Amino acid sequence: MREFIVEADGGSRGNPGPAGYGSVVIDATTGETLVEEAEYIGVATNNVAEYRGLIAGLRAAHALDPAARIHVRMDSKLVVEQMSGRWKIKHPDMKPLAAEAGSVFPAERVTYEWIPREQNKHADRLANEAMDEAREGRGAVTSAAPPRGRDQLPPARTVTTTEADVRAARNVAAPSPGWAPADMGAPATFVLLRHGETPLTPQKRFSGSGGTNPSLSPVGQDQAARAATALAARGTIQHILASPLTRTRETAAAVADRLGLDVTIEEGLRETDFGAWEGLTFGEVRERYPDDLTTWLADPTAQPTGGGESFAATATRIATTRDKLIAAYAGRTVLLVTHVTPIKTFVQLALGAPPESLFRMELSAASLSAVAYYADGNASVRLFNDTSHLR
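Treat the numbers as computed from the prediction; the structure is a model and nothing was measured. (Residues numbered from 1 in each chain as written. Predicted model: local features only at pLDDT ≥ 70, side-chain atom pairs only at ≥ 80, totals over all residues. Heavy atoms only, no water.)

S.K.: Residue-level account of a nonpolar patch on the surface, with values.
M.R.: Residues Phe 282, Leu 297 and Phe 359 make up a contiguous nonpolar surface patch of roughly 240 Å² in combined accessible area. On the accessibility criterion, Phe 282 (36% relative accessible area) is partly exposed. (Patch = residues over 30% accessible without salt bridge, like charges linked within 9 Å, V, L, I, M, F, W, Y side chains within 5 Å. Areas by Shrake-Rupley, 256 points an atom, 1.4 Å probe, with all protein chains shown as cover. Salt bridge = Lys/Arg side-chain N within 4 Å of Asp/Glu carboxyl O. Buried < 20%, exposed > 50% of the residue type's maximum accessible area, 1.4 Å probe, protein only.)

S.K.: Please give an account of the sheet that holds strand β3 (residues 33-44) that cites residues and values.
M.R.: Judged by pairing direction, the sheet is mixed, and its 5 strands sit side by side in the order β3-β2-β1-β4-β5 without closing on themselves. With partners counted over all chains shown, the strands left at the sheet margins are β3 and β5 (110-114), one partner each. Taken over all neighbouring pairs, the strand axes of this sheet differ in orientation by 20° on average, direction set aside. Relative to β3, strand β2 (residues 17-27) runs antiparallel, the two sharing 10 bridges. By the bridge assignment for β3, Ser 23 is matched with Glu 37. (Pairing = 2+ DSSP bridges. Helix = DSSP H or I, 4+ residues; strand = E, 2+ residues; numbered from the N terminus. Axes fitted to C-alpha atoms, helices over the stretch in contact; angles between N-to-C directions.)

S.K.: Any details on the pattern of salt bridges? Residues and values, ideally.
M.R.: Oppositely charged side chains are able to pair whenever their charged atoms sit close together. Taken as a whole and judged by the stated rule, the model has 21 salt bridges. Close ionic contact of Glu 129 with Arg 125 constitutes a salt bridge, the shortest N to O distance being 2.9 Å. Taken as a pair, Glu 129 and Arg 125 lie in helix α4 (residues 121-135) at a separation of 4 residues, close to a single helical turn. A relative accessible area of 38% means that Arg 125 is categorised as partly exposed. Shared partners join several salt bridges into a network, and the residues in it are Asp 9, Glu 50, Asp 75 and Arg 332.

S.K.: Mind laying out the sheet that holds strand β13 (residues 379-386), listing which residues take part and the relevant values?
M.R.: If you trace the 6 strands from one edge of the open sheet to the other, you get β10-β9-β11-β8-β12-β13, paired in mixed fashion. What marks the edges here is a single partner per strand, and that holds for β10 (263-265) and β13. Across the sheet, the axes of successive neighbouring strands diverge by a mean angle of 20°, strand direction being ignored. Of the strands in this sheet, β8 (188-194), β11 (333-338), β12 (368-373) and β13 are in contact with helix α11 (residues 340-351), which crosses β8 at around 145°. (Contact = heavy atoms within 4.5 Å.)

S.K.: Provide a residue-level description of the packing of helix α6 (residues 218-234) against helix α7 (residues 246-259), including the pertinent values.
M.R.: Two elements in contact, α6 and α7, have axes separated by 8 Å at closest approach and are oriented at 40°. Crossing of α6 over α7 shows right-handed handedness. Residues Ala 224, Ala 228, Thr 229, Leu 231 and Ala 232 of α6 form the contact with α7, whose participating residues are Thr 251, Ala 254, Val 255, Arg 258 and Leu 259. When the residues that make up the contact of α6 with α7 are grouped by side-chain class, the tally is 7 nonpolar, 2 polar and 1 charged. (Left-handed = near helix turned anticlockwise from the far one by under 90°. Nonpolar A, V, L, I, M, F, W, Y, C, P; charged D, E, K, R; others polar.)

Listed below in structure tokens is the structure:
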């Protein structure tokens, strides 16, 4: 029985945005590339493009030998875990795609392996070439190369993009000359979700990483559920990371359960430590520590009373965390479940705004914001303090 390796990838420049996939079928014995597939699929999400790439690769392998064994290698943890049966498929857009992928070969003849992105460069290149052709208005061509010594496969399909597809793709990937950078592939997009309310939130009390570590209130639990519903409807989240504090863990768990994803705890996403001010209102701090508060409001390097964390120290921590996550999740859409100060700091750093801008942003409980990071180091704030899902 022959054995093939199928490597597949998909991408979306905007997520959702202009999307394409790439697939490669490799002879597992010789290492020879037998088939290459690439196609522009219009405006779609990363996850949809990844599934379409998997389906195309499996179909190409089936055309070579319907009795073969298949080993799929992808850098999409979501697709690999869902197709392996370890993660539930909850999103309605993913279910028919997973079913289609599972129908090409009997399940007992297909295995799945997650690989790092750098080991999936062949399929990634094909996906980007398909999107590049669409961006240039030439449509996307699915190409196939027959293995040596075999008959030519049926002609590959050519997908012609409509003017509307191309226009939509350009609007997402490059809104207008002078505003968007040259095409550098899909950005790393951080969707920033503030945790739901705790008992301290309505009272506007300082609640950082050095306090009582409260859980979500019933209102906060409802807000987390509403945020989860909204994010599931968007269908773009591929990974979830959360601050280690209880309120963010609980909020992230609500979303993860809805999306069928795991939660990774990221220490760098914790809230600022407000020292002796933890649990106090602004008025109470002004009454008890007037000089310290005045200094703190004027100087980002000043610490709260009792040796808490300054905003300057928080900014350094967030910048380090940001850079680490951009490298780890390049081209991916990641949900970061965190707190007021970290989210404001992500936005402040993306805009190149001064530290005092932190005091000029309003960030509601369970609100959504988003920042995209491009390969040239530029960032774009795409959303801020969206609470539409709570209404």
